[in-house]
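Structural features, examined
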Amino acid sequence: MSRKKNFFAGPSVLPVEVLKEMEREIANYNDEGLSIVESSHRSEPFNTMYSETLALLGEVMEIPEGYSYFFLGGGGSLQFAMLPLNFLNPAKGATYINSGSWATKALQEAQVIGPVATYWDGKDTSYTTLPAVNTIKPSPESSYLYLCSNETIGGVQWKEWPECGIPLVADMSSDILSRSIPIEKFSLIFAGAQKNMGPAGATLVIIKDEFLEHQNSSIPSILDYRSHQKSNGLYNTPPVFSIWGVKLVLEWVKRNGGTAGMAQRAQLKSSLLYDAIDQSGGYYRSPVDRDYRSTMNIVFRLPSEELEAKFLAATKEAGMVGLKGHRSVGGLRASLYNALPVEDVEALANLMREFQRVNG
Ligand SMILES: *Cc1c(COP(=O)(O)O)cnc(C)c1O
């Protein structure tokens, strides 16, 4: 079987070992005589798999004491709403940094719940840069400060974290597990599985227990983080298949050097493309400020839309998928999540040079 070189932004590439393991185990999990997706979430095979997943996650992400973590359904998008429902104090408001498409969606949801201050907005620079962390000074009264660690569409990524005396909350959907995160700086982190962690369905929520004490009351139980924390993420049926996939991906991450190993891979792969862009004499252009270039989603343009269409056709010809830029920004986008092999990125960098030689 020849596999495509998969640059999709999400759902996205999984390690081939993980897919093979799923294939081997799908009908007969652990020799139990049934599938994990056929097992009750109150049964032994599930319980063991689930507790192993949580233990692995705690280990790989080095989650300190005083935090709870679990998987919910509803994607990152549900978190855009759940977060302000639970934590936006209407008397105090919340502060959002608007770094692009995903932060915009989150702040629009928060505005439904209560007052939102946009501390910084990248609109004037077309969302190609981020504010320096030491300049970020939100109102000390604000319920929390919100940021999106990696803008999947715009291709900007935070490299350091603001410390500003109010709870820090981050959407890490598209760069979770790609680097080491100082969890203790955050009060809440969420991330959908389908970019870097596993098949779509599960959304990881990591929450500081102390933060839960500041929660709004009178929220329907299903939307209340406390219900999920109290039942260790099993308040209702969890996304079993996705969680199983996350477990296999975490094992793969651990075998490959943990988050430090993933950070190295991400650095190597993204440099291959950024070098190809920077050494093209302006033929390929990255709109993103160098200081904040994403290691996960590399956004670039060619001299014309005709050439971009031709380039896209050439990638397809070369067995590559997912390189078309998001419809809102156009151009090209290569998503280089953890599981994408280095060779696939080398192939793309080579194709870029060859395409320029022929069409430049
Ligand atoms: C994909 C993505 C989301 C949305 O995830 P859904 O699972 O589709 O709700 C949110 N934030 C970021 C940064 C993303 O990349």
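What you see is a predicted model; the values in this text were computed from it and never measured. (Residues numbered from 1 in each chain as written. Predicted model: local features only at pLDDT ≥ 70, side-chain atom pairs only at ≥ 80, totals over all residues. Heavy atoms only, no water.)

Considering helix H3 (residues 75-87)
For H3, with 13 residues, the first-to-last C-alpha span of 18 Å sits near the 18 Å given by 1.5 Å per residue. Three or more residues of H3 are buried, namely Gly-76, Gln-79, Phe-80, Met-82, Leu-83, Pro-84, Asn-86 and Phe-87. (Helix = DSSP H or I, 4+ residues; strand = E, 2+ residues; numbered from the N terminus. Expected span 1.5 Å × (residues − 1). Buried < 20%, exposed > 50% of the residue type's maximum accessible area, 1.4 Å probe, protein only.)

Considerations on the environment of Lys-185
Here Lys-185 shows up in the loop between strand E6 (168-171) and strand E7 (188-192). C-alpha of Lys-185 to C-alpha of Met-197: the two residues are twelve residues apart in sequence and 22 Å apart in space. Every residue in contact with Lys-185, bar those within four places of it in the chain, is listed here: Tyr-67, Trp-161, Glu-163 and Leu-168. (Contact = heavy atoms within 4.5 Å.)

Thoughts on the pattern of salt bridges
The tally for this structure, following the rule as stated, stands at ten salt bridges. With a closest N to O distance of 2.8 Å, Arg-301 and Glu-308 form a salt bridge. Its salt-bridge partner being Glu-354, residue Arg-357 comes within 2.8 Å of it at the nearest N-O pair. Remark: Glu-354 and Arg-357 occur in helix H10 (residues 342-359); sequence separation between them is three residues, near one turn of the helix. By sharing partners, the salt bridges in this structure join Glu-52, Lys-247 and Glu-251 into a single network. (Salt bridge = Lys/Arg side-chain N within 4 Å of Asp/Glu carboxyl O.)

Re the nonpolar core
Ranked by internal contacts, the top residues of the largest apolar core, which has 79 residues, are Tyr-96 and Tyr-144. A per-element tally of this core places helix H7 (residues 240-255) first, with nine residues. Beyond its immediate stretch of four places on either side in the chain, Tyr-144 contacts Leu-83, Pro-84, Phe-87, Leu-88, Ala-94, Thr-95, Tyr-96, Ala-110, Ile-166, Pro-167, Val-169 and Phe-211. Within the second largest apolar cluster, 26 residues are counted, among which are Tyr-283, Ile-298, Phe-311 and Met-352. (Core = buried A, V, L, I, M, F, W, Y, C linked by side-chain atoms within 4.5 Å.)

Quick word on the domain arrangement of the protein chain
When cut into domains, the protein chain gives domain 1 (5-13 + 258-359) and domain 2 (16-255). Here the C-alpha centre of domain 2 lies 26 Å away from the C-alpha centre of domain 1. With 28 residues of domain 1 at the contact, the number on the domain 2 side is 30 residues. For the domain 1 and domain 2 pair, buried surface summed over both sides reaches about 2200 Å², with 55% attributable to carbon and sulfur atoms. On the domain 1 side of the contact with domain 2, Thr-259, Tyr-292 and Asn-338 bury the most area, a combined 29% of that side's loss. Where domain 1 packs against domain 2, one counts zero salt bridges. Our count for the domain 1 to domain 2 interface comes out at 15 residue pairs in polar contact (both at pLDDT 80 or more). Within the residue set of the side of domain 1 that touches domain 2, elements represented by two or more residues are helix H8 (258-278) and strand E9 (297-300). In the side of domain 1 that touches domain 2, the residues fall into 13 nonpolar, ten polar and five charged. (Domains from an automatic or database assignment. Buried area = accessible area lost by both parts, 1.4 Å probe. Polar contact = N/O pair within 3.5 Å; in protein donor to acceptor, adjacent residues only side chain to side chain. Nonpolar A, V, L, I, M, F, W, Y, C, P; charged D, E, K, R; others polar.)

Considering the site of the ligand
Taken together, 13 residues sit near the ligand, with Ser-77, Thr-152, Asp-171, Gln-194 and Lys-195 positioned nearest. Backbone polar atom of Gly-76 to an oxygen atom of the ligand: 3.2 Å apart, as the coordinates give it. Gln-194 places a polar side-chain atom, nitrogen or oxygen, 2.8 Å from an oxygen atom of the ligand. Protein chains bury 86% of the 390 Å² of accessible surface belonging to the ligand in isolation. With four residues, the single largest contributor to the shell around the ligand is H3. (Near = heavy atom within 4 Å. Areas by Shrake-Rupley, 256 points an atom, 1.4 Å probe, with all protein chains shown as cover.)

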